[in-house]
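Coordinate analysis (summary)
Listed here are the chains, written in short residue letters.
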Amino acid sequence: MRTEQPTDRRILIAGTGSGSGKTTAALGIMAALRRRGKAVQGFKCGPDYIDPGYHTAITDRVSRNLDSWMMSPMGVREIYVRGSQGADISVIEGVMGFYDGKDPTSHAGSTAEISQLLECPVVLVVDCSGMGRSAAAIVQGFQRFADDIRIAGVIANRVGSEGHYGIVRAAIEQECGIPALGWLRRDDAVALPERHLGLIPALARGELQPLFERLADLAESGIDLDGLLALAESPPVLAERTIFPQQVPASPPSPQPGALRRPEPGASQTEQSAAPALSLRPPGAEPSHAPRFEPADRASAQRNPLRIAIAKDAAFHFYYPENLELLEAYGAECVYFSPLAGEEVPQDASGLYIGGGFPEEYAPILSRQELPKRSIRDAVLSGMPTLAECGGYMYLTNEIRTRDGGKYPMIGLIPGSTVMKDRLQSFGYREIHGMERNFLFGQGETARGHEFHYSVVEPDEEWPPAYWVKGRKGEHAEGYMSGSLVAGFSHIHFASNPRLAARWLECCREYAQRKSVFY
């Protein structure tokens, strides 16, 4: 008996450039579809942590990054398939301008490349303020720039009136042959918080819910949502397992930062996730280049999972979901604690992960919380394998000096001071090589990630760096390494090299064995 191939609904909301309104449009569409009762999965092109925070708050599903530079083409497809399982529609928000990426002479790392990899219909958001027929010329230029791109519709943003939209719509539909799906009126009341400050605390306090409701209102009144859903109908994405060692379901939604605590006994981060995606190929189709670095005794690892302590609250919340899921796939149980709330590292933990965030915004509180500072110091000095990224790196230094002249004592494991600056200090993709004796990396191995920070760390003495990193401005040593501690500004995406997660857990298992013998 013949069976029909399942379909998939996905749509990519792209912009002509940064500031064109794609985030406003994407959030409004997500909120409006959620209001209709749809299960909406959010994705973000590129490495950004901020926009996925909005997506997750609106959709109640963990938003994921799709990055064609940090991941392989098949890795992008795998993450899409895992993340979209159980959703009625996936809404993918672009990054920068549609064709902007890592390389000015190709689609590499761009939103356009993601649309190609997923064969995804694209809705182009155009800032139409101060123009009419010229909007069609812009859309036509984007259509003709590449042959294998499907721009399926347009949303006109910052439109002054319904009459103004009528002019724009008539021009686009006549000259470009695609539908104008609607418009978003200029609305000064719709303003997202400062991108790099205050997002997570605002979400945790529920302060952005009125904004999300307003965005849903705008989308419902101005955008043809039924037309968008029809355009989103697409063949399923087929993916092979190149990242995860076995069929591990994607994470369910997690509580907002500040509410995260240790799971109930026996529960794991992936326990209540949806069924495996139909379009993910079975184990027999696993390609030869899939990661095969696994614990020596997987059955034992699953019966006796290692506990990895994850610092997660309003100060520390930047983690790629796949990083945590890969730790679980290799036999870990992720347990959470809040340094801001005065919680210590769980005593039964065998590894420690302190991610990025905004510790400078909470420096007075963090400096007063002696219990977590002491427990982290003791854990690292005991030899617990520890990874600290960006904000976590800052937290481990002697102090954080804020822009207003404040000095706040931190953990003091790294002999130097974190100094906040008024201007962005580093931004961009990084190819990352581990220095000798860096426990995450095997000999000759690399991973990929990115940096974004306004701070610098000023050393009190010379120290061994953790990484050798390569970016668009050259190569340099980065971070701090001592014993089982690896720290730096680089945010590593484990999907670029899943062996990092497996190797980390092997080190954690050795630590746990030494600890049990000692005690």
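Bear in mind the structure is a predicted one, so any value in this text is a computation, not a measurement. (Residues numbered from 1 in each chain as written. Predicted model: local features only at pLDDT ≥ 70, side-chain atom pairs only at ≥ 80, totals over all residues. Heavy atoms only, no water.)

**As for the overall build of the protein**
- On a plain count of helices and strands, the protein comes out with 15 helices and 25 strands.
- Going through the 519 residues of the protein one by one, you find that 60% of them count as buried.
- If you take every contact in the protein between residues at least 6 apart in sequence, the share linking residues at least 24 apart comes to 77%.
- When the accessible area of the protein is evaluated, it comes to approximately 21,200 Å², of which 48% is carbon and sulfur surface. (Helix = DSSP H or I, 4+ residues; strand = E, 2+ residues; numbered from the N terminus. Buried < 20%, exposed > 50% of the residue type's maximum accessible area, 1.4 Å probe, protein only. Contact = heavy atoms within 4.5 Å. Areas by Shrake-Rupley, 256 points an atom, 1.4 Å probe, with all protein chains shown as cover.)

**Concerning the sheet that holds strand β25 (residues 491-493)**
- Spatially, the five strands line up as an open sheet ordered β22-β21-β18-β19-β25, and their pairing is antiparallel. On the outer flanks of this sheet lie β22 (474-478) and β25, each paired with one strand and no other. Averaged over all pairs of adjacent strands, the angle between strand axes in this sheet comes to 35 degrees, irrespective of strand direction.
- Two elements, strand β21 (residues 467-471) and β22, share five bridges in a ladder whose sense is antiparallel. When the sheet's bridge partners are listed, K470 is paired in β22 with E475. (Pairing = 2+ DSSP bridges. Axes fitted to C-alpha atoms, helices over the stretch in contact; angles between N-to-C directions.)

**Here's the deal with the packing of aromatic side chains**
- For the structure shown, the criterion picks out 21 aromatic pairs.
- Pairing F43 with Y80 gives two aromatic rings, centres 5.2 Å apart and planes at 35 degrees, and the pair type is tilted. A residue pair is termed long-range when its members are at least 10 positions apart, and F43 in strand β2 (residues 40-45) and Y80 in helix α3 (residues 73-84) qualify at 37 residues.
- Ring geometry for Y393 versus F489: centroids 5.0 Å apart, planes at 80 degrees, classification edge-to-face. Here the residue Y393 occupies a position in helix α14 (residues 391-395), and F489 occupies one in the loop between β24 (485-488) and β25, the gap between them amounting to 96 residues.
- Its relative accessible area of 3% is what places Y393 among the buried residues. (Phe/Tyr/Trp six-rings, centres within 6.5 Å; stacked < 30°, edge-to-face > 60°.)

**Considering the nonpolar core**
- If you look at the biggest cluster of nonpolar residues, it comprises 116 residues, and the most contacted ones within it are L327, I376, L440 and Y467.
- Per-element tally for this core: the top contributor is helix α15 (residues 499-518), with seven residues.
- If we skip the residues at most four places from it in the chain, I376 touches F337, V345, L352, I354, Y395, L396, I411 and L413.
- Among the nonpolar cores identified, the runner-up in size contains 44 residues, and I13, A31, V40 and L208 belong to it. (Core = buried A, V, L, I, M, F, W, Y, C linked by side-chain atoms within 4.5 Å.)

**Structural notes on the pairing of strand β12 (residues 351-354)**
- Burial of β12 is two-sided: the residues G351 and Y353 facing one way and the residues L352 and I354 facing the other way are all buried.
- Here strand β9 (residues 306-311) runs beside β12; their pairing, made up of four bridges, is parallel. Within β12, the residue paired with A309 across the bridge is L352.
- Direction of pairing for β12 relative to strand β14 (residues 386-389): parallel, over a ladder of three bridges.

**So, the pairing of strand β1 (residues 8-15)**
- Of all eight residues in β1, seven are buried, a share of seventy percent or more.
- Bridge count for β1 against strand β8 (residues 233-234) is two bridges, and the pairing is antiparallel. Residue pairing across strands places R9 opposite E233, the latter belonging to β8.
- Here β1 pairs with strand β4 (residues 89-93) via four bridges, running parallel. Directly across from I11, in β4, lies its bridge partner V91.

**Here's the deal with the pattern of salt bridges**
- Within this structure, the stated rule accounts for 24 salt bridges.
- The salt bridge involving R34 is made with D60; its shortest N-O contact spans 3.5 Å. Placement of R34 in helix α1 (residues 22-35) and of D60 in the loop between α2 (50-59) and β3 (64-66) is noted, with a sequence separation of 26 residues between them.
- Judged by relative accessible area, which is 47%, D60 ranks as partly exposed.
- Connected through shared salt-bridge partners, R35, E213, D217 and E220 make up one network. (Salt bridge = Lys/Arg side-chain N within 4 Å of Asp/Glu carboxyl O.)

**Some thoughts on the packing of α1 against helix α8 (residues 209-222)**
- Running from N to C, α1 and α8 point in directions that differ by 90 degrees, and their axes come no closer than 7 Å. Comparing their axes, α8 and α1 come out roughly perpendicular. Taking contact as the criterion, the partners of T24, L27, G28, I29, A31, A32 and R35 in α1 are, on α8, F212, E213, L215, A216, D217, A219 and E220.
- Along the lines of polarity and charge, the residues of the contact of α1 with α8 split into eight nonpolar, two polar and four charged. (Parallel < 35°, antiparallel > 145°, perpendicular 65-115°, else oblique. Nonpolar A, V, L, I, M, F, W, Y, C, P; charged D, E, K, R; others polar.)

**Some words on the sheet that holds strand β23 (residues 480-482)**
- Pairing within the open sheet is mixed, and its six strands lie in the order β11-β9-β12-β14-β24-β23. Each of the sheet's edge strands pairs with one partner strand only, and the pair in question is β11 (332-337) and β23. On average, each strand axis in the sheet is tilted by 15 degrees relative to the strand beside it, whichever way the strands run.
- Strand direction decides the pairing type here: β9 and β11, joined by six bridges, are parallel. Looking at β11, one finds that R307 is bridged to E333.
- Here helix α11 (residues 321-329) sits on the sheet and contacts β9, β11 and β12; the angle it forms with β11, its principal contact strand, is near 135 degrees.
- Against the sheet, helix α13 (residues 370-381) makes contact with β11, β12, β14 and β24, and its axis sits at roughly 130 degrees relative to β12, the strand it touches most.

**Focus on α2**
- Of all the 10 residues making up α2, 10 are buried; the element is thus mostly covered by neighbouring parts of the structure.
- Within α2, the full set of buried residues consists of I50, D51, P52, G53, Y54, H55, T56, A57, I58 and T59.
- Where α2 ends, the next residue or the one after it, D60, has phi of about 65 degrees, a positive value.

**As for the packing of helix α5 (residues 134-145) against helix α6 (residues 162-176)**
- Taken N-terminus to C-terminus, the directions of α5 and α6 make an angle of 35 degrees; their axes are 8 Å apart at the nearest point. For α5 against α6, the interelement crossing comes out right-handed. Judged by residue contacts, A135, A136, V139, Q140 and Q143 of α5 engage V168, A171, I172, E175 and C176 from α6. (Left-handed = near helix turned anticlockwise from the far one by under 90°.)

It is worth stressing that arrangement in space is one thing and function is another; only the former is reported here.
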